[in-house]
Amino acid sequence: MKNFVLSLLSLFVFSGAFAQKCDDNFYRMEPGSTFHLTYYDKKDKTTARQENVVTDTNENGSTLEATVSTKLFDKKDKLITDGSFLVICEGNGVKVDMNQMIQSMDQLKSMEGMNTEIETDYISLPSDMSVGQVLPDSKTTIKMGSGGISMMSSEVVITDRKVVAQEEIATPAGTFDCYKITYTTNVNMKVMGGGRTMSYPGVNWFARNVGMVKSESYDQKGNLESYTLLTKLE
């Protein structure tokens, strides 16, 4: 009986420490947490909005997984697509399913009615993030078709991820202490036999126990093309 009680107590201590550790990462994983992201063009006009809600969590050994339900709406508030992505807390940080970023890609918005297959990687965010760090690459493959015919495929590889600054960012959802991460998005697109490769610089700002607060996308010449803000956090 004594050994059973000690084992049970150690389990509670471990679980509490693990949960606390996951609370100190770069994504809020509590069930019911809601994040609203609004997308703008370079002229500050709203182009889309995204609602993300943590619907479920599952602890498995040293891993905590959160399922996030997501809905993407166009500028007229019409639902474009919905689905879910995973956030995984393990080891020394969290991994966010790239579906969160892929959901807003322009080619997905313009391909309604087509069958879409997406194989996503994860964006890694270490809990001990610091200025000067170099972060791992990630890759996503998108295939689109109609009537059993492949129309387009894209390989999206995010490289050169570097933590370049720690800054305060103000949005309609509040003011957040963020880490600024620069990166390059390389898109290798194949359409009906042809293909081309494009590279775009971008910047993300992540806040501890929140997630992405702000994002900026640039064209191939380095000019601001669009940006995203966290506009509501519950």
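Here the structure is a predicted model, which means the values were calculated and not measured.

Description of the overall build of the protein
Move 1: Tallying secondary structure elements over the protein gives 3 helices and 14 strands in all.
Move 2: Buried positions account for 40% of the 234 residues belonging to the protein.
Move 3: Partitioning the contacts of the protein with sequence separation of at least 6, the portion at a separation of at least 24 is 50%.

Observations regarding the packing of aromatic side chains
Move 1: One pass over the structure, following the stated rule, counts 3 aromatic pairs.
Move 2: On the basis of an interplanar angle of 80° and a centroid distance of 5.6 Å, the ring pair of F26 and Y179 is categorised as edge-to-face. Pair noted here: F26 is in the loop between α1 (2-23) and β1 (34-41) and Y179 is in strand β11 (residues 174-191), with a separation of 153 residues, a long-range link. Accessibility classification places F26 together with Y179 in one group, the buried group.
Move 3: Aromatic pair Y27 and F35: ring centres 5.2 Å apart, planes at 50°, arrangement tilted.
Move 4: Above the face of the Y122 ring, K95 is positioned so that its terminal group lies 5.0 Å from the ring centre.
Move 5: Above the face of the W205 ring, K214 is positioned so that its terminal group lies 4.9 Å from the ring centre.

Some thoughts on the state of the cysteines
Move 1: Using the criterion set out here, one finds 1 disulfide in the structure.
Move 2: Across a sulfur-sulfur distance of 2.1 Å, C22 and C89 are joined as a disulfide pair. The chirality of the disulfide connecting C22 with C89 is left-handed, given an S-S dihedral of about -90°. Taken as a pair, C22 in helix α1 and C89 in strand β4 (residues 79-90) lie far apart in primary sequence, 67 residues in all.

Overview of the environment of K43
Move 1: Within the secondary structure, K43 is located in the loop between β1 and β2 (46-60).
Move 2: Taking C-alpha positions, K43 is 8.8 Å from E225, a pair spaced 182 residues apart along the chain.

Remarks on the environment of I169
Move 1: Within the element layout of this structure, I169 appears in strand β10 (residues 149-171).
Move 2: Among the residues examined, I169 registers a relative accessible area of 8% and is labelled buried.
Move 3: Sequence-wise, I169 and A207 are 38 residues apart; in three dimensions their C-alpha atoms are separated by 9.2 Å.
Move 4: Excluding residues that lie within four positions of it along the chain, I169 makes contacts with G174, T175, F176, C178, W205, V213 and K214.

Some details on the pairing of strand β5 (residues 93-97)
Move 1: Judged by how many residues are buried, β5 sits mostly within the fold: 4 of 5 residues are covered.
Move 2: Linking two consecutive strands that pair antiparallel, namely β4 and β5, is a turn of 2 residues; a positive phi of about 60° is found at G91 within it.
Move 3: Direction of pairing for β5 relative to strand β7 (residues 122-126): antiparallel, over a ladder of 5 bridges. Along β7, the bridge assignment pairs D97 with Y122.

A few points about a positive patch on the surface
Move 1: Among the surface-exposed residues, K42, K43, K45, K75 and K76 lie close enough to one another that they form a single positively charged patch.
Move 2: Within the secondary structure, K75 sits in the loop between β3 (63-74) and β4.

Some points on the nonpolar core
Move 1: Counting 41 residues, the largest nonpolar core has V87, L125 and V213 as the members making the most contacts within it.
Move 2: With sequence-adjacent residues up to four places away left out, V87 is seen in contact with Y27, M29, L64, E65, A66, V68, V94, K95 and V96.
Move 3: The next biggest cluster of nonpolar side chains, apart from the first, holds 7 residues, and it includes I142, M152, V156 and M198.

A word on the pattern of salt bridges
Move 1: Enumeration according to the criterion identifies 6 salt bridges in this entry.
Move 2: D77 serves as the salt-bridge partner of R49, at 2.5 Å between the closest nitrogen and oxygen. Here the residue R49 occupies a position in strand β2, and D77 occupies one in the loop between β3 and β4, the gap between them amounting to 28 residues.
Move 3: Note that K95 is salt-bridged to E90, the shortest N-O span being 3.1 Å.
Move 4: Under the relative-accessibility criterion, K95 is labelled partly exposed at 25%.
Move 5: The exposure class of E90 is partly exposed, given its relative accessible area of 30%.

Cut-offs applied
Residues numbered from 1 in each chain as written. Predicted model: local features only at pLDDT ≥ 70, side-chain atom pairs only at ≥ 80, totals over all residues. Heavy atoms only, no water. Helix = DSSP H or I, 4+ residues; strand = E, 2+ residues; numbered from the N terminus. Buried < 20%, exposed > 50% of the residue type's maximum accessible area, 1.4 Å probe, protein only. Contact = heavy atoms within 4.5 Å. Phe/Tyr/Trp six-rings, centres within 6.5 Å; stacked < 30°, edge-to-face > 60°. Lys NZ or Arg CZ within 6 Å of the ring centre and 35° of its normal. Disulfide = S-S within 2.5 Å. Pairing = 2+ DSSP bridges. Patch = residues over 30% accessible without salt bridge, like charges linked within 9 Å, V, L, I, M, F, W, Y side chains within 5 Å. Areas by Shrake-Rupley, 256 points an atom, 1.4 Å probe, with all protein chains shown as cover. Salt bridge = Lys/Arg side-chain N within 4 Å of Asp/Glu carboxyl O. Lys, Arg positive; Asp, Glu negative; His and termini not counted. Charge placed at Lys NZ, Arg CZ, Asp CG, Glu CD. Core = buried A, V, L, I, M, F, W, Y, C linked by side-chain atoms within 4.5 Å.

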